[in-house]
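Coordinate analysis (summary)
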Amino acid sequence: LAADALYELLPTDEGAWRAQLLARPASGSVRVRSLFEAQDGAIWAATNGEGLWRWTDAGLSRIGAKDGLPGDRFEWVVVSGSGSSAVVYAAPRVASIFTGVPLVVFPATSLDALPRKIPWRQIGRQEGVVGSPMSSDVQPAAAVAADGRVWVAGAEGLAIIAPLSWEDWSRI
């Protein structure tokens, strides 16, 4: 299986496995950089050219610059919380170059209102993220604890981000 598509492995009647294609990028140069399963069962993917993908039973949502995010190249994505309190944390690919733009945060429910622009904010050193986040080549680059804290491997150390609601993030 390649890093350029999302597949589901299904058993066959003969006891073997087959790959069923779920999604493929529009461009052959786009790659899936990381995957994350949210508490609601949605599978999130960060890509290096088509923004973020969210796969649910309803299908695939692709979000990026066209939806108001600061670009289409992301290293990784994680989701803290569930339902209306779920908050998405994503590391833009430019974060490894520009240390002032480490993370993007937005409410997961904003995908329910597309094609409206997604509200988001940057978080960085002021909020405790030390240095640019590590790339998805370092796995795991980020993780979510059972209590909702987001752990981020940064260039200068490990950052632990408190589980805040979007309402709290949007006021900071």
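The rules behind the values
Residues numbered from 1 in each chain as written. Predicted model: local features only at pLDDT ≥ 70, side-chain atom pairs only at ≥ 80, totals over all residues. Heavy atoms only, no water. Helix = DSSP H or I, 4+ residues; strand = E, 2+ residues; numbered from the N terminus. Polar contact = N/O pair within 3.5 Å; in protein donor to acceptor, adjacent residues only side chain to side chain. Pairing = 2+ DSSP bridges. Axes fitted to C-alpha atoms, helices over the stretch in contact; angles between N-to-C directions. Buried < 20%, exposed > 50% of the residue type's maximum accessible area, 1.4 Å probe, protein only. Core = buried A, V, L, I, M, F, W, Y, C linked by side-chain atoms within 4.5 Å. Contact = heavy atoms within 4.5 Å.

1. Considerations on the side chain of glutamate 75
Considering the arrangement of structural elements, one finds glutamate 75 in strand β7 (residues 74-80). At 3.0 Å, the side chain of glutamate 75 forms a polar contact with the side chain of arginine 33.

2. A few points about the sheet that holds strand β4 (residues 43-47)
With respect to topology, four strands assemble into an open sheet ordered β3-β4-β5-β6, the strand pairing being antiparallel. Every other strand in the sheet has two partners, leaving β3 (32-37) and β6 (59-63) as the edge strands with one partner each. Strand-to-strand twist of the sheet, defined as the mean angle between neighbouring strand axes without regard to direction, takes the value 20°. Two strands pair when backbone bridges link them, and β4 and strand β5 (residues 52-56) are joined in this way by four bridges, in the antiparallel orientation. Across the sheet, residue alanine 45 finds its bridge partner in β5, namely tryptophan 53.

3. Concerning the pairing of strand β12 (residues 150-154)
Of the two faces of β12, only the one carrying Val150, Val152 and Gly154 is buried; Trp151 and Ala153 on the other face are not. Sheet topology places strand β11 (residues 142-144) next to β12; three bridges connect them, and they run antiparallel. Bridged to alanine 143 within β12 is tryptophan 151. Between β11 and the antiparallel strand that follows it, β12, lie five residues; glycine 148 among them carries a positive phi value of about 95°. Relative to strand β13 (residues 157-161), β12 runs antiparallel, the two sharing five bridges. For glycine 154, the partnering residue across the bridge sits in β13 and is glycine 157.

4. Side note on the nonpolar core
Trp44, Leu52, Trp76, Tyr89, Phe106 and Ile161 are the most contacted members of the largest nonpolar core, which has 36 residues in total. Of all elements in the fold, only β4, β7, β8 (87-92), β9 (103-107), β12, β13 and α1 (166-171) reach the threshold of two or more residues within this core. If near-sequence neighbours (up to four positions away) are discounted, isoleucine 161 is found in contact with Tyr89, Leu103, Ile123, Val129, Arg149, Val150, Val152 and Trp169. Of all hydrophobic cores here, the second largest spans five residues; its members include Ala23, Val32, Ala45 and Trp53.

5. Some words on the sheet that holds β9
The strand order across the open sheet built from four strands is β7-β8-β9-β10, with neighbouring strands paired in antiparallel fashion. Every other strand in the sheet has two partners, leaving β7 and β10 (121-123) as the edge strands with one partner each. With strand direction ignored, the average angle separating the axes of adjacent strands in the sheet is 30°. Bridge count between β7 and β8: six bridges; the pairing is antiparallel. Bridging from a neighbouring strand, valine 77 pairs with alanine 90 of β8.

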